Amino acid sequence: MPRRKIVRSVPQTSSVIDMKTGMPVSPPSIPVICERIRYFRELAGIEQKELGKKIGISPNTISNWETGRSRPDINLIPAICGALQVSLSELFGIEDPEEGKSRLAPREQGLLDRYNRLRPGNKAVVDSMIDTMLGVQEAEDKPEIGRLLFYRKALSAGKGDPTEIEGRGMPIFLYMDRFRNTAGSGISRRADCVFVVNGDSMEPRFHSGDMVLVERIPDAPHLDAGEIGAFIMGNETYIKEYSEEGLISLNPRYPLMRFEDEADVYLIGRVLGKLDPECIATAKDIDMYRMIHEPDPSLQAGGRDDGEVVCREFIDRYLW
């Protein structure tokens, strides 16, 4: 009977390379790696079943590793590190030469060292200064903001309200880039104030609730025929189209308001167009803007409830 040739398998030697040091890492003794797998698994708050599912093995195999009855195959080490979210050095208990080494630039480390030498009270001063400077920096990065005047008195596009126009409007703050894009650069330069339309006599061009941009004409009150203006007639305010005979409503249901039939007529200004509500700045952005340009807390949009400053939130309440 011929003798059978017995071939014994020889375990392949393999090594793990530490990606940080570039040096080969020999697998530690079974108890060490077993203890560390169990430690990091419990630290991650996962069960043996969940860890086994992550790396594609049974929970019993995990149990055998952790009790020292077997050890993980070297090919599974990267998957174990990924599942436990640890580095190769951490899993094998190897000291990382980069650990504890400062990643700050020398100047940054010097500033931190000097800060740590300060007394608590002085640290609080530095913290406050940093907060202030960050606030200033954030404000400078905000969109450009400008202002017009807003008048609570509505321009009647129907039956007027018996009142005189206010002599002093409230500041309304606008995002200037958006304002120029929607209204046009020419209109944005000429507009002085904002009124709200009340009524339907100027439909379909102007609707009740629209905000209109007005160019004040205090010195030479003059409009050409066909232009839209804001007027005071008698004791009422109107938005109408100007003609030599009187004031015209665009809605044909309303008759011509003849000058000879009415009391004195005063021109508030030329209506340039409508203001897009999205151009109005929010209270937060206004406060940031005024902190830099008008550092008076009593004038900030969030600091008063009397409508002194017109912001997006004020308009939302006022119109709707």
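The following refers to the structure shown. (Residues numbered from 1 in each chain as written. Predicted model: local features only at pLDDT ≥ 70, side-chain atom pairs only at ≥ 80, totals over all residues. Heavy atoms only, no water.)

### Examining the overall build of the protein
Alright, step 1. Along its length, the protein carries 11 helices and 12 strands.
Alright, step 2. A buried classification covers 36% of the 320 residues belonging to the protein.
Alright, step 3. Long-range pairs, those at least 24 residues apart, make up 65% of the contacts in the protein between residues at least 6 apart in sequence.
Alright, step 4. As displayed, the protein has an accessible area near 20,100 Å², and 50% of this comes from carbon and sulfur atoms. (Helix = DSSP H or I, 4+ residues; strand = E, 2+ residues; numbered from the N terminus. Buried < 20%, exposed > 50% of the residue type's maximum accessible area, 1.4 Å probe, protein only. Contact = heavy atoms within 4.5 Å. Areas by Shrake-Rupley, 256 points an atom, 1.4 Å probe, with all protein chains shown as cover.)

### So, the pattern of salt bridges
Opposite charge on two side chains permits them to pair, given that their charged atoms come into close proximity.
Alright, step 1. With the rule as written, the count across this model stands at nine salt bridges.
Alright, step 2. We note a salt bridge from Glu 215 to Arg 270, for which the minimum N-O separation is 3.0 Å. One end of the pair, Glu 215, is in strand 7 (residues 211–216); the other, Arg 270, is in strand 12 (residues 265–274), with 55 residues separating them in the sequence. Taken individually, Glu 215 and Arg 270 each receive the classification buried, so the pair is uniform in this respect. (Salt bridge = Lys/Arg side-chain N within 4 Å of Asp/Glu carboxyl O.)

### Thoughts on the nonpolar core
Alright, step 1. Formed by 27 residues in total, the largest nonpolar core has its most connected members in Ile 172, Phe 179, Leu 213 and Leu 275.
Alright, step 2. Residue assignment for this core shows that the elements contributing at least two residues are strand 3 (145–150), strand 5 (170–175), helix 8 (176–183), strand 6 (193–198), strand 7 and helix 10 (283–293).
Alright, step 3. In terms of residue count, strand 5 provides more of this core than any other element does, five residues in total.
Alright, step 4. Ranked by size, the runner-up nonpolar core spans 18 residues in total, among them Cys 34, Phe 40, Ile 77 and Leu 88. (Core = buried A, V, L, I, M, F, W, Y, C linked by side-chain atoms within 4.5 Å.)

### What about the pairing of strand 7?
Alright, step 1. Taken across its six residues, strand 7 has five buried, putting it largely inside the fold.
Alright, step 2. Two elements, strand 6 and strand 7, share four bridges in a ladder whose sense is antiparallel. Looking at strand 7, one finds that Val 196 is bridged to Met 211.
Alright, step 3. Here strand 7 runs beside strand 12; their pairing, made up of five bridges, is antiparallel. Bridged to Val 214 within strand 12 is Val 271. (Pairing = 2+ DSSP bridges.)

### Notes on the pairing of strand 3
Alright, step 1. Relative to strand 5, strand 3 runs antiparallel, the two being bridged by six bridges. Residue Arg 147 lies in a different strand from strand 5, and its bridge partner there is Phe 173.
Alright, step 2. The pairing of strand 3 with strand 6 spans two bridges and is parallel. Residue pairing in the sheet places Leu 149 in a bridge with Cys 193 of strand 6.

### Re helix 2 (residues 48–55)
Alright, step 1. Every buried residue of helix 2 is accounted for by Leu 51, Gly 52 and Ile 55. Taken down its axis, helix 2 places every buried residue within 100° of arc, on the same side. Exposed and oriented more than 90 degrees from the buried face of helix 2 are Lys 49 and Lys 53.
Alright, step 2. Phi for Gly 56, located one or two positions after helix 2, is positive at around 80°. (Arc of directions from axis to C-beta.)

### Brief notes about the packing of helix 2 against helix 4 (residues 77–84)
Alright, step 1. Their axes nearest at 9 Å, the elements helix 2 and helix 4 cross at an angle of 125°. Here helix 2 is positioned oblique relative to helix 4, judged by the angle of their axes. As for the relative orientation of helix 2 and helix 4, their crossing is right-handed in sense. Each of Leu 51, Lys 54 and Ile 55 in helix 2 lies in contact with helix 4, whose residues at this interface are Ala 79, Ile 80, Ala 83 and Leu 84.
Alright, step 2. When the residues that make up the contact of helix 2 with helix 4 are grouped by side-chain class, the tally is six nonpolar, no polar and one charged. (Axes fitted to C-alpha atoms, helices over the stretch in contact; angles between N-to-C directions. Parallel < 35°, antiparallel > 145°, perpendicular 65-115°, else oblique. Left-handed = near helix turned anticlockwise from the far one by under 90°. Nonpolar A, V, L, I, M, F, W, Y, C, P; charged D, E, K, R; others polar.)

### Quick word on the packing of helix 2 against helix 3 (residues 59–67)
Alright, step 1. Look at helix 2 against helix 3: their axes get within 8 Å of each other, and the N-to-C directions meet at 110°. Considering their axes alone, helix 2 and helix 3 lie roughly perpendicular with respect to each other. Along the contact surface, helix 2 presents Gln 48, Lys 49, Leu 51, Gly 52 and Ile 55, while helix 3 presents Pro 59, Ile 62, Ser 63, Trp 65 and Glu 66.
Alright, step 2. Of the residues belonging to the contact of helix 2 with helix 3, the class tally is five nonpolar, three polar and two charged.

Geometric descriptors of this kind do not, in isolation, establish any biological role.
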